[in-house]
Amino acid sequence: MSSPALSISGLAKSFDKPVIDGFDIAIRQGEFYALLGPNGAGKTTILRMIAGLLAPDAGEISVLGVDALKDPVAAKRLVAWVSDEPMVYDRLTPLEYLEFVAGLWQVEASTARHRAEELLEWLDLTDVADSRCGGFSKGMLQKVALAGALVHEPRLIILDEPLTGLDAGSARKVKDLLREKTRNGITVVMTTHILEVAERMAERIGVLYGGRLVAEGTLGELRTRIGGGHTTLEEIFLDLVTARPTETAA
Ligand SMILES: Nc1ncnc2c1ncn2[C@@H]1O[C@H](COP(=O)(O)OP(=O)(O)OP(=O)(O)O)[C@@H](O)[C@H]1O
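What you see is a predicted model; the values in this text were computed from it and never measured.

Engineer: What is the right way to read helix α4 (residues 109-122) from this model?
Structural biologist: Each α-helix turn comprises 3.6 residues. Residues three or four places apart therefore point the same way. Between the first and last C-alpha of α4 there are 20 Å, a value that for 14 residues agrees with the 20 Å anticipated at 1.5 Å per step. Buried within α4 we find A112, A116, L119 and L120. Projected down its long axis, α4 shows its buried positions confined to an angular sector of 95°, all on one face. Facing away from the buried side of α4 by over 90 degrees, the exposed positions are S110, T111 and E121. Residues of α4 that are buried sit in contact with α3 (94-104) and α5 (138-150).

Engineer: Explain the environment of L150 here, please?
Structural biologist: Looking at where L150 falls in the secondary structure, it is placed in helix α5. Using a count of 24 C-beta atoms within 10 Å as the deciding quantity, one classes L150 as buried. For the pair formed by L150 and L98, sequence separation is 52 residues and the distance between their alpha carbons is 9.2 Å. Here L150 is in contact with A80 and L119, once residues within four sequence places are set aside.

Engineer: For this particular structure, what's the right way to read the sheet that holds strand β10 (residues 212-217)?
Structural biologist: The pairing of strands in a sheet happens through backbone hydrogen bonds and is either parallel or antiparallel. Ordered by their spatial adjacency, six strands build an open sheet running β6-β7-β8-β3-β9-β10, and the pairing between neighbours is mixed. At either margin of the open sheet sits one strand with a lone partner, and together these are β6 (79-82) and β10. Taken over all neighbouring pairs, the strand axes of this sheet differ in orientation by 15° on average, direction set aside. Relative to strand β8 (residues 187-191), strand β3 (residues 32-36) runs parallel, the two being bridged by four bridges. Following the sheet pairing, L35 is matched in β8 by T191. Relative to the sheet, helix α1 (residues 43-50) contacts β3, β6, β7 (156-160), β8 and β9 (204-209), its axis offset from that of β7 by approximately 150°.

Engineer: Would you mind going over the environment of I236 with me for this structure?
Structural biologist: Tracing the sequence through the fold places I236 in helix α9 (residues 233-242). Residues I236 and R28, 208 residues apart in the sequence, show an inter-C-alpha distance of 24 Å.

Engineer: Could you clarify how one ought to interpret the nonpolar core in this entry?
Structural biologist: Where a protein is soluble and globular, its nonpolar side chains tend to be buried together. In this structure, L6, I50, L98, A147, V151 and I158 are the most contacted members of the largest nonpolar core, which totals 73 residues. With seven residues, α5 is the largest single contributor of residues to this core. Filtering out sequence-adjacent residues up to four positions away, A147 remains in contact with P94, L98, L119, L120 and L123.

Engineer: What should I look at first to understand the pairing of β9 in this one?
Structural biologist: Two faces belong to every sheet, and in a regular strand the side chains alternate between them. When you tally the buried positions in β9, you get six out of six residues, the bulk of the element. Looking at chain direction, β9 and β10 are connected through five bridges and run antiparallel. Bridge pairing links G206 to E216 in β10.

Engineer: Could you clarify how one ought to interpret unusual backbone geometry in this entry?
Structural biologist: The bulk of non-glycine residues show a negative phi, and the bulk of peptide bonds are trans. Even without glycine at this site, Q106 takes up a positive phi of about 60°. Summarising the element assignment, Q106 is placed in the loop between α3 and α4. With 9 C-beta atoms counted inside 10 Å, the residue Q106 sits in the exposed group.

Engineer: Looking at this model, I keep getting lost on α3. Mind explaining?
Structural biologist: Restricting attention to buried positions, one finds in α3 the residues P94, L95, Y97, L98, V101 and A102. Within α3, the buried residues cover an arc of 160° as seen down the axis, which keeps them to one side. For α3, the elements touching its buried residues are α4 and α5. In the segment just after α3, Q106 is the residue with positive phi, at about 60°.

Engineer: I tried to follow the sheet that holds strand β1 (residues 6-14) on my own but got confused; where do I start?
Structural biologist: Ordered in space as β2-β1-β4-β5, the four strands form an open sheet in which the pairing is antiparallel. Looking at strand neighbours, the two that pair on one side only are β2 (18-27) and β5 (66-67), the edges of this open sheet. Both β1 and strand β4 (residues 58-63) contribute to a ladder of five bridges, which runs antiparallel. Bridge pairing in β4 places A12 opposite A58. Relative to the sheet, α1 contacts β1, β2 and β4, its axis offset from that of β1 by approximately 120°.

Engineer: What should I look at first to understand the pairing of β8 in this one?
Structural biologist: Among the five residues that make up β8, five are buried, leaving the element largely enclosed by the rest of the structure. Side chains T187, V189 and T191 of β8 all project onto a buried face; the interleaved residues V188 and M190 project onto the opposite face, where all are buried too. In terms of strand pairing, β7 meets β8 through five bridges, oriented parallel. Note that in β8 the partner of I158 across the bridge is V189. Taken together, β7, helix α6 (residues 168-183) and β8 constitute a β-α-β crossover, and its handedness is right-handed.

Criteria and cut-off values
- Residues numbered from 1 in each chain as written.
- Predicted model: local features only at pLDDT ≥ 70, side-chain atom pairs only at ≥ 80, totals over all residues.
- Helix = DSSP H or I, 4+ residues; strand = E, 2+ residues; numbered from the N terminus.
- Expected span 1.5 Å × (residues − 1).
- Buried ≥ 20, exposed ≤ 12 C-beta atoms within 10 Å, placed from the backbone.
- Arc of directions from axis to C-beta.
- Contact = placed C-beta atoms within 7 Å.
- Pairing = 2+ DSSP bridges.
- Axes fitted to C-alpha atoms, helices over the stretch in contact; angles between N-to-C directions.
- Core = buried A, V, L, I, M, F, W, Y, C linked by C-beta atoms within 7 Å.
- Right-handed = clockwise from strand over helix to strand, strands pointing away.

As far as function goes, none of this settles anything; it's purely spatial.
In structure tokens form, the structure reads like this:
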């Protein structure tokens, strides 16, 4: 049996107070998973720990069978991290940026060029492929950052609020691109506050509250499990995160 794309157990992280407290998850290869939770629940903190940008206090993280804490370099090769605050070098053009990032991953030059052009075309950036990123809007920068995260062909893509700030056409492009990736066996984990997106796109949804997962399943499973006649994800979500006493969540 193939390894899960992502397996986390007993994950814990405190800053001035506990934020993540016994978080467990298992996501299979090719799955599209949405991680939901109210502001301050710890979603970004979890994604940063998966991406190797933040050390957990406790717990285990495995990416496609690679222990991400013991062998972070090997794990990072498999993972793409797309932050909600895109950071792209102002002085580079999208094409130069993608070739630069591909170079960091030691992607061969002609392969890098081909992938870069393909990604830029897919994200409607071909016309500005040779313009400096310094003059780009936030949405355009977001798309360049996304392309940069995908250029080394990662097996696990983790995205923090990838659709915020994108116009309807761009959001659709990004959604189509991610769907296409999952069809090819790539795993996508994203956080979103747009519950409609989670409802439409994710095969499974997890709700984070009080530092751990308080519910997880397909939309149908959540409806059955949470019950109460709730029909929309918004109702289920609000039921989960408003009726509980706060333990460790901000
Ligand atoms: N570097 C840090 N130092 C101190 N506290 C932090 C740090 N990073 C995150 N926190 C705290 O951890 C908690 C979780 O933050 P996090 O950004 O992970 O939440 P989130 O679920 O992504 O929220 P949002 O939906 O608003 O983006 C918050 O209380 C935040 O203030």
